[in-house]
Amino acid sequence: MEVKARAPGKIILSGEHAVVHGSTAVAASIDLYTYVSIQVHPSTENDDRLTLQLKDMALAFSWPIGRIKEPLSSLGGPFPSTPTSCSTASMKLILALVEEQNIPEAKISLASGVTAFLWLYTSILGFKPATVVVTSELPLGSGLGSSAALCVAFSAALLACSDSVNVDMKQQGWLIVGESELELLNKWAFEGEKLIHGKPSGIDNTVSTYGNMIKFRSGNLTRIKSSMPLKMLITNTKVGRNTKALVAGVSERTLRHPDAMNSVFNAVDSIGKELANVIQTPAPDDLSLNAKEEKLEELMEMNQGLLQCMGVSHASIETVLRTTLKYKLASKLTGAGGGGCVLTLLPTLLSGTIVDKVISELESCGFQCLIAGIGGNGAEICFGASS
Ligand SMILES: Nc1ncnc2c1ncn2[C@@H]1O[C@H](COP(=O)(O)OP(=O)(O)OP(=O)(O)O)[C@@H](O)[C@H]1O
Ligand SMILES: C[C@@](O)(CCO)CC(=O)[O-]
Ligand SMILES: [Mg+2]
């Protein structure tokens, strides 16, 4: 039987990087998803393989089950109900399995995703032969949480295959996962994110798991309900970057200037708390909605300034900021920065003509613009026929 899972990408409205150092951050899911489908095969003993197809990249990786079992059986898994961290010794063994697949040099950044897959697969399902297919609507390595969506979708599909997710299999279509199972799959996804990000805060996998909007601090989430329409333009600078390296860069800067950086992180913490309050406070009329949007714009600009202090902006991001400012629109980078995506708040009363103009100017610089739906469902699973 085929089991499918999907998990959304995200935007960070405030607090990226500082959240790794204990500050408050606010994030929301977007309606772009990563999909994972798993078909477990009956064991035939001779011909058993685990195959991973990355459909969008036209890549497939395949290992004889025996080749995986031989080095990894010492792990003692599968233990679907107890998320565990990948030890350095296991990491070495998994890296060797990934290396022997000879990923083309131009696509070598995918190796960390494949590593996370092998860890999650063997830890949750053990050594069952299967074909796993991944597709995604998210741009990879662009700040929209592709790594977290991948780990959440893997964990959801694997837990569903291991019978650790309690849903009515007779139901059709995408099924929302129950609360205690969400907690379990979020923990597994975090273990996968660790293999891709090095030192993640957990905000990306948490918002992808639970969906909607969250306030996140030191591993704890508070769900937020927005009381205002939030329309964001997302501009992808298409400048590639790697979250792990950017997070490590901020930590190094913090070691060099601990007092200054801690003041920056404190300021970001205050911005995140204020932003969450603004978003949640009801706006009874247009005037108060305008005032709230102006506050949000100012908070986004302040956060962007502090992200520059952390050293994670980029010339391409500055070009987006300058361009949107010409139209009096406020922007900030989202996700790890260093390129990737920029958010621009589109106020409710902004005319469609202005939106078209700003998009066409940004696109003439070679950037890609999209307006995504904000705050939809988190991880979902689906059994049998596709939908
Ligand atoms: N659909 C996918 N297929 C294979 N690998 C993927 C996929 N999505 C993400 N990855 C893995 O995640 C890596 C990108 O993760 P990274 O954390 O750098 O960026 P991001 O998650 O898109 O942005 P951010 O962390 O800033 O939100 C890719 O290089 C790849 O290893
Ligand atoms: C840069 C960062 O803060 C967000 C990436 O989307 C990293 C993290 O929190 O794990
Ligand atoms: Mg990521």
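- Taking an unreviewed UniProt entry as the reference, the protein chain is identified by name as Mevalonate kinase belonging to Populus alba.
- For the record of the protein chain, the UniProt heading Pathway (unreviewed entry) holds the text "Isoprenoid biosynthesis; isopentenyl diphosphate biosynthesis via mevalonate pathway; isopentenyl diphosphate from (R)-mevalonate: step 1/3."
- UniProt annotates the protein chain under Subcellular location (unreviewed entry) with the comment "Cytoplasm".

### Brief notes about the packing of helix α4 (residues 146–161) against helix α5 (residues 179–197)
Argument step 1. Contact geometry for α4 and α5: axes closest at 8 Å, N-to-C directions at 135 degrees. Classified by the angle their axes make, α4 and α5 are oblique. Considering how the two elements wind past one another, α4 and α5 form a crossing that is right-handed. Contact residues: Ser 147, Ala 148, Cys 151, Val 152, Ser 155, Ala 156 and Leu 159 in α4; Leu 184, Leu 185, Trp 188, Ala 189, Gly 192, Glu 193, Ile 196 and His 197 in α5.

### With respect to the site of ligand 1
Argument step 1. Residues in close proximity to ligand 1 total 25 residues, the closest being Lys 10, Ser 109, Ser 146, His 197 and Arg 241.
Argument step 2. Here an oxygen atom of ligand 1 and a side-chain polar atom of Thr 243 are 2.9 Å apart.
Argument step 3. Here ligand 1 loses 95% of its free accessible area of 630 Å² to cover by the protein chains.
Argument step 4. Sorting the residues of the shell around ligand 1 by element identifies α3 (111–125), β5 (130–136), α4 and α5 as the ones contributing at least two each.
Argument step 5. The dominant element in the shell around ligand 1, judged by the number of residues it contributes, is α4, at 3 residues.
Argument step 6. By residue class, the composition of the shell around ligand 1 is 9 nonpolar, 13 polar and 3 charged.

### Regarding the sheet that holds strand β10 (residues 331–333)
Argument step 1. Read from one edge of the open sheet, 4 strands run β10-β11-β9-β12, paired in antiparallel fashion. Of all the strands in the sheet, just β10 and β12 (368–370) have a single pairing partner and so form its edges. Adjacent strand axes in the sheet meet at a mean angle of 25 degrees when their direction is disregarded.
Argument step 2. In terms of strand pairing, strand β9 (residues 232–236) meets strand β11 (residues 341–345) through 5 bridges, oriented antiparallel. Bridge assignment links Met 232 to a residue of β11, and that residue is Leu 345.

### A closer look at the site of ligand 2
Argument step 1. Not every one of the 14 residues close to ligand 2 is listed here, only the nearest: Lys 10, His 17, Pro 200, Ser 201 and Asp 204.
Argument step 2. Taking Lys 10, its side chain carries an N or O atom lying 2.6 Å from an oxygen atom of ligand 2.
Argument step 3. Here ligand 2 loses 99% of its free accessible area of 300 Å² to cover by the protein chains.
Argument step 4. Listed by contribution, the elements that provide at least two residues to the shell around ligand 2 are β1 (2–14) and α6 (203–210).
Argument step 5. Along the lines of polarity and charge, the residues of the shell around ligand 2 split into 7 nonpolar, 4 polar and 3 charged.
Argument step 6. In terms of domain composition, the shell around ligand 2 takes at least three residues from each of domain 1 (2–222 + 378–383) and domain 2 (230–370).

### Things to note about helix α1 (residues 65–72)
Argument step 1. Of the residues making up α1, those classed as buried are Ile 65, Ile 68, Pro 71 and Leu 72. The arc that holds the buried residues of α1, viewed along the axis, is 150 degrees, so those residues lie on one side.
Argument step 2. Close packing links the buried residues of α1 with β3 (49–54), β4 (59–64), α2 (88–99) and α3.

### Quick notes on the domain arrangement of the protein chain
Size of an interface, as often reported, equals the accessible area lost when the parts are brought together.
Argument step 1. Assigned domains of the protein chain: these are domain 1 (2–222 + 378–383) and domain 2 (230–370).
Argument step 2. Taken over C-alpha atoms, the centre of domain 1 sits 28 Å from the centre of domain 2.
Argument step 3. Listed by partner, the interface residues are 27 residues for domain 1 and 35 residues for domain 2.
Argument step 4. Carbon and sulfur atoms make up 65% of the surface buried where domain 1 meets domain 2, a total of about 2,400 Å² over both sides.
Argument step 5. In this assembly, domain 1 and domain 2 are joined by 2 salt bridges.
Argument step 6. Counting the contacts that link domain 1 with domain 2 gives 11 residue pairs in polar contact (both at pLDDT 80 or more).
Argument step 7. Top element by residues in the side of domain 1 that touches domain 2 is β1. It accounts for 5 residues.
Argument step 8. Here the residues of the side of domain 1 that touches domain 2 are counted per class, giving 11 nonpolar, 11 polar and 5 charged.

What counts, and where the lines are drawn
- Residues numbered from 1 in each chain as written.
- Chains lettered and ligands numbered in written order.
- Predicted model: local features only at pLDDT ≥ 70, side-chain atom pairs only at ≥ 80, totals over all residues.
- Heavy atoms only, no water.
- UniProt positions renumbered as here; feature names shortened; annotations may be inferred.
- Axes fitted to C-alpha atoms, helices over the stretch in contact; angles between N-to-C directions.
- Helix = DSSP H or I, 4+ residues; strand = E, 2+ residues; numbered from the N terminus.
- Parallel < 35°, antiparallel > 145°, perpendicular 65-115°, else oblique.
- Left-handed = near helix turned anticlockwise from the far one by under 90°.
- Contact = heavy atoms within 4.5 Å.
- Near = heavy atom within 4 Å.
- Polar contact = N/O pair within 3.5 Å; in protein donor to acceptor, adjacent residues only side chain to side chain.
- Areas by Shrake-Rupley, 256 points an atom, 1.4 Å probe, with all protein chains shown as cover.
- Nonpolar A, V, L, I, M, F, W, Y, C, P; charged D, E, K, R; others polar.
- Pairing = 2+ DSSP bridges.
- Domains from an automatic or database assignment.
- Buried < 20%, exposed > 50% of the residue type's maximum accessible area, 1.4 Å probe, protein only.
- Arc of directions from axis to C-beta.
- Buried area = accessible area lost by both parts, 1.4 Å probe.
- Salt bridge = Lys/Arg side-chain N within 4 Å of Asp/Glu carboxyl O.

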